[in-house]
Amino acid sequence: MKNKHTSKRLMDIYNRLFERFGPQHWWPGETKTEIIIGAILTQNTNWENVKKAILNLKKARMLNFPALKDINVNALAELIRPSGYYNIKAKRLKNFVDFFFREYGGSWKKFQAQPLPLLREHILSVNGVGPETGDSILLYALGKPVFVIDAFTKRALIEHKLIKADADYHSVQKLFMDNLEPDVLFFNEYHALFVRLAKEHCRTKPLCEKCPLEKV
């Protein structure tokens, strides 16, 4: 249920972040496939490492699901080696691609046409795809209005006493989903702004000076 005070506070936070940082142009990726691959590869690593792995896939002409379906998992692991945990991530990529062809016959139209709750359930059923990765796929690749919660978002929210340190993924996501209008572009920008805030200010040793949310 929407809470007017919470909704107003969340909008104030967004406005302050956007005024300070401007548009973030996230998620970097030219196609749905590239964004999904990036979402899986970015688990437990930084984006610079993911970029190297994606570049390897591009050079090998493997940045598409039919090619990933046919490639040997060990060969795939070598291509994505820069992303770290490459053997595990290769299996997770293969799991997702197999799911895509098995459940939707390789059709993006059928895939995106599913109602959001059912689509989310299906994606989260894929071995190796957790809530953060699944919701990143839904929001950034498939254009579904889902708010993504990651470690950066939680860090910023905890630092500014908007959530408790032990809050779980669902409860934090619910805070945004219940109190903001569902809008893909807005959720996209808001999440990216939280990532920017956490990287610049809400670090292990917080840099609170000049933080846009200092008096929120």
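Here's a quick rundown of the structure. In this numbering scheme, every chain counts its residues from 1 along its sequence in written order. With the structure being a predicted model, the display of local features is reserved for residues of pLDDT at least 70 and the display and counting of side-chain atom pairs for 80 or more, all residues being used for whole-chain, interface and lining totals. Side-chain measures were taken over the full set of non-hydrogen atoms in the model, leaving aside hydrogen atoms and water.

Here a strand is any run of E in DSSP of at least two residues, a helix any run of H or I of at least four, and the numbering for each starts at the N terminus. Summing up its helical and strand segments, the chain has 12 helices and zero strands in all. For 216 residues, the compact-globule formula gives about 17 Å, and the C-alpha radius of gyration of the chain, at 18 Å, lands near that figure. C-alpha atoms of the chain, sized along the principal axes, occupy 55 × 35 × 30 Å. For every residue, the accessible area obtained with a 1.4 Å probe (protein chains only) is divided by the maximum for its type, and the residue is called buried under 20%, exposed over 50%, and partly exposed between those limits. Counting the 216 residues in the chain, one finds 44% classified as buried. Only heavy atoms matter for contacts: two residues are in contact if any of them lie within 4.5 Å across the pair. Pairs at least 24 residues apart make up 63% of the contacts formed inside the chain by residues separated by at least 6 positions. Each accessible area value is a Shrake-Rupley result obtained with a 1.4 Å probe; residue values ignore everything except the protein chains displayed when judging cover. Split by element, the accessible area of the chain, about 11600 Å² in all, is 52% carbon and sulfur. Restricting the calculation to C-alpha atoms gives the radius of gyration, and the globule rule supplies 2.2 Å times the number of residues raised to the power 0.38.

Looking only at helix H11 (residues 169-179), the buried set comprises Tyr169, Val172, Gln173, Phe176 and Asn179. On an axial view of H11, the arc spanned by its buried residues comes to 160°, and they lie on one face. Check the buried side of H11 and you find it contacts helix H1 (4-21), helix H8 (116-124), helix H9 (131-141), helix H10 (151-159) and helix H12 (184-200). Taking the helix axis as origin, the arc is that swept by the directions to the C-beta atoms.

For this analysis, a salt bridge means a side-chain nitrogen from Lys or Arg found within 4 Å of a carboxyl oxygen belonging to Asp or Glu. Evaluated as defined, the whole model comprises 10 salt bridges. Across the salt bridge formed by lysine 58 and glutamate 34, the nearest N and O atoms sit 3.7 Å from each other. In this pair, lysine 58 is assigned in helix H3 (residues 47-59) and glutamate 34 in helix H2 (residues 32-41), connecting sequence segments 24 residues apart. A relative accessible area of 35% means that lysine 58 is categorised as partly exposed. For glutamate 34, a relative accessible area of 8% corresponds to the buried category. We note a salt bridge from arginine 81 to glutamate 78, for which the minimum N-O separation is 2.8 Å. The class for arginine 81 is partly exposed, based on a relative accessible area of 40%. Note on glutamate 78: relative accessible area 45%, which makes it partly exposed.

Okay, the side chain of histidine 191 next. Relative to the helices and strands, histidine 191 is located in helix H12. With sequence-adjacent residues up to four places away left out, histidine 191 is seen in contact with Tyr140, Phe147, Val148, Asp150 and Thr153.

Another point: the packing of aromatic side chains. Ring geometry is summarised as follows: Phe, Tyr and Trp rings, the Trp one being its six-membered ring, pair when their centres sit within 6.5 Å, and such pairs are stacked at plane angles under 30 degrees, edge-to-face over 60 and tilted between the two. Scanning the model with the defined rule gives 27 aromatic pairs in all. Seen in terms of ring centroids, tryptophan 27 and tyrosine 140 are 5.3 Å apart; in terms of plane orientation they differ by 50°. Their pairing is tilted. Taken together, the positions of tryptophan 27 in the loop between H1 and H2 and tyrosine 140 in helix H9 put the pair 113 residues apart, joining distant regions of the chain. Like tyrosine 140, tryptophan 27 is buried. An angle of 40° between the planes, with centres 6.2 Å apart, marks the rings of phenylalanine 186 and phenylalanine 187 as tilted.

Convention adopted: a line fitted to C-alpha atoms gives each axis, helices being fitted over their contacting stretch, and angles between N-to-C directions are expressed from 0 to 180 degrees. Where H2 contacts H9, the axes come no closer than 9 Å and their chain directions differ by 160°. By the angle between their axes, H2 is roughly antiparallel relative to H9. The chirality of how H2 crosses H9 is right-handed. When H2 is examined against H9, the residues Lys32, Ile35, Ile36, Ala39 and Ile40 are found in contact with a partner set consisting of Thr133, Ser136, Ile137, Tyr140 and Ala141. Between 65 and 115 degrees an angle is taken as roughly perpendicular, under 35 as roughly parallel, over 145 as roughly antiparallel, and anywhere else as oblique. It is the rotation of the near helix from the far one that decides the hand of a crossing: anticlockwise by less than a right angle makes it left-handed, clockwise makes it right-handed.

Omega for the peptide link from tryptophan 26 to tryptophan 27 comes to 25°, which places this bond in the cis form. In this structure, histidine 25 takes a positive phi of about 55° despite not being glycine. Relative to the helices and strands, histidine 25 resides in the loop between H1 and H2.

By the burial criterion, the buried members of H10 are Thr153, Ala156 and Leu157. Buried residues along H10 cover an arc of 95° about the axis, so they all sit on one side. Considering only its buried residues, H10 is in contact with H11 and H12. For H10, the N-terminal cap is aspartate 150; the gap from its side-chain oxygen to the backbone nitrogen of phenylalanine 152 is 3.2 Å. As used in this structure description, the phrase polar contact means that two N or O atoms lie within 3.5 Å; if the pair is within protein, one of them must be able to donate a hydrogen and the other to accept it, and residues adjacent in sequence are counted only when both atoms belong to side chains.

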